[in-house]
Amino acid sequence: MRFFYCGGEAIAKLGLTVAAGVPSDSLCNNGKRGLPASRDVDNASPLSGRWQPAFLDRKGFPVRGPKNVCTYIVPEQYYLGTILSTFFVHSEVIHSDILVNRPVPMSKIIERSLAWLLYNRRSHDSGLLHKSAPFALHPTPTMELECAIGPSGSTIPFEYSSFGDGHFPTISWIPLPDAVEYLLILEDPDAPLAEPVVHGIYYGIPANKSSLSDDDFSPVDAPGTYNLSGGFKYGINRRKVVYMPPRGFLGHGPHRFFLQIVALKEALDQNKLSIPVSKEDITRELRGKVMSWGCWIGIWERTE
């Protein structure tokens, strides 16, 4: 079922007009307009960030909600309706909340609406690191990258997301005898932006390394050195942190997270890299230095 928000009202197939995003203080439950709604569990305070839907039938009369409370709409609710007038909300979670007259956080409505509008902005695979010019002679992966989560294509568990512990999953590979060092980059090509979102850049990984775990990603030394406990450095991502766990837009569908390991036959010249290092710096300095690469893909979808 879909609701179309227009002028503060939603047109539903059930024949109910649902005024979504109405502050609970803008509702009255005593048959008179303009008086505040009672403060109980069925009328959450707008100060808490939660909003109370109101129900009208086809003729504009209120439908009784929980505890036989009649909710009436006052003009304030139309301000929000105007803002959302072009948004479709198609979330089963929000629909179920509305139909049982439960408060719905306005942030969920806005985020899901934006996710619907931007749903087709995804699959920016051409912008991934292994699609760039330095990989022209190495179009396919020849290294096998394994992850503790499971085989490539596995669903990323909640605890590895930004809503859980956000730990970096343990990965491993078979070291190449002629590799001088390794590079690791994590990207999400399904984010609704013009190019993949970088979640982490790690360079100068020693040649004798064959695995990485969460313990390797603790910052060491003085701030600004970008040194990590695993004996390598990290670059900049969108949030300017060591590692950005999966998050995603609520309702935007599944996102693919590419963990790309690159074996180098020549070390990156760190004197030519900016501080902090960006993906553009890495791509420029990779020319002629790629020996082999591997990839592991995890699937993450935010549903609540």
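Residues numbered from 1 in each chain as written. Predicted model: local features only at pLDDT ≥ 70, side-chain atom pairs only at ≥ 80, totals over all residues. Heavy atoms only, no water.

## Points about the pattern of salt bridges
Moving on, step 1. By the definition in use, this model includes seven salt bridges.
Moving on, step 2. Lysine 279 is the partner of glutamate 187 in a salt bridge, and the nearest nitrogen-oxygen pair spans 2.4 Å. Separated by 92 residues along the polypeptide, glutamate 187 in strand β11 (residues 181–188) and lysine 279 in helix α4 (residues 279–285) bring together distant segments of the chain. Comparing glutamate 187 with lysine 279 shows no difference in burial state: the two are buried.
Moving on, step 3. One salt bridge connects arginine 284 with glutamate 285, and the closest N-O pair in it is separated by 3.6 Å. (Salt bridge = Lys/Arg side-chain N within 4 Å of Asp/Glu carboxyl O. Helix = DSSP H or I, 4+ residues; strand = E, 2+ residues; numbered from the N terminus. Buried < 20%, exposed > 50% of the residue type's maximum accessible area, 1.4 Å probe, protein only.)

## Some words on the sheet that holds strand β10 (residues 171–173)
Moving on, step 1. Spatial strand order, β8-β10-β13: three strands in an open sheet with antiparallel pairing. At either end of the open sheet lies a strand with only one pairing partner, and these are β8 (145–147) and β13 (211–212).
Moving on, step 2. As paired elements, β10 and β13 share two bridges and run antiparallel to each other. Residue serine 172 lies in a different strand from β13, and its bridge partner there is serine 211. (Pairing = 2+ DSSP bridges.)

## Here's the deal with empty space enclosed by the protein
Moving on, step 1. As enumerated under the stated definition, the model contains two cavities of 30 Å³ or more in all.
Moving on, step 2. Quantified by volume, the largest cavity comes out at close to 80 Å³.
Moving on, step 3. Grouping the amino acids of the lining of the largest cavity by side-chain chemistry returns eleven nonpolar, one polar and no charged. (1 Å grid on protein atoms, 1.4 Å probe; cavity = no way out; pocket = protein on both sides within 12 Å on 5 of 7 lines; lining within 4 Å. Points joined across faces, edges and corners; volume = space filled by probe spheres on them. Nonpolar A, V, L, I, M, F, W, Y, C, P; charged D, E, K, R; others polar.)

## A few points about the environment of methionine 143
Moving on, step 1. Assignment of secondary structure puts methionine 143 in the loop between α3 (106–117) and β8.
Moving on, step 2. Along the backbone, methionine 143 and leucine 176 are 33 residues apart, and their C-alpha atoms lie at a distance of 8.8 Å.
Moving on, step 3. If we skip the residues at most four places from it in the chain, methionine 143 touches Trp173, Ile174, Leu176, Tyr182, Ile261, Ala263, Ser292, Trp293, Gly294 and Cys295. (Contact = heavy atoms within 4.5 Å.)

## Some thoughts on the nonpolar core
Moving on, step 1. By size, the foremost hydrophobic cluster in this structure holds 27 residues, and its most contacted members are Phe168, Ile171, Leu184 and Tyr202.
Moving on, step 2. Counting only elements with at least two residues in this core, the list comes to β8, β10, β11, β12 (197–206), β17 (255–264) and β18 (290–300).
Moving on, step 3. Element by element, the count of residues in this core is highest for β17, at four residues.
Moving on, step 4. For phenylalanine 168, the residues in contact, after removing those within four places along its chain, are Tyr160, Leu184, Leu186, Tyr202, Asp214, Phe217, Tyr243 and Leu259.
Moving on, step 5. The next biggest cluster of nonpolar side chains, apart from the first, holds 16 residues, and it includes Tyr203, Leu268, Leu273 and Val277. (Core = buried A, V, L, I, M, F, W, Y, C linked by side-chain atoms within 4.5 Å.)

## Some thoughts on the confidence of the model for the protein chain
Moving on, step 1. For the protein chain, the average pLDDT comes to 75, and 65% of its residues sit at 70 or higher.
Moving on, step 2. In this model residues 1–100 is a low-confidence stretch, pLDDT under 50, and it forms 193 contacts with partners more than four residues away in sequence or in other chains. (pLDDT = per-residue confidence, 0-100.)

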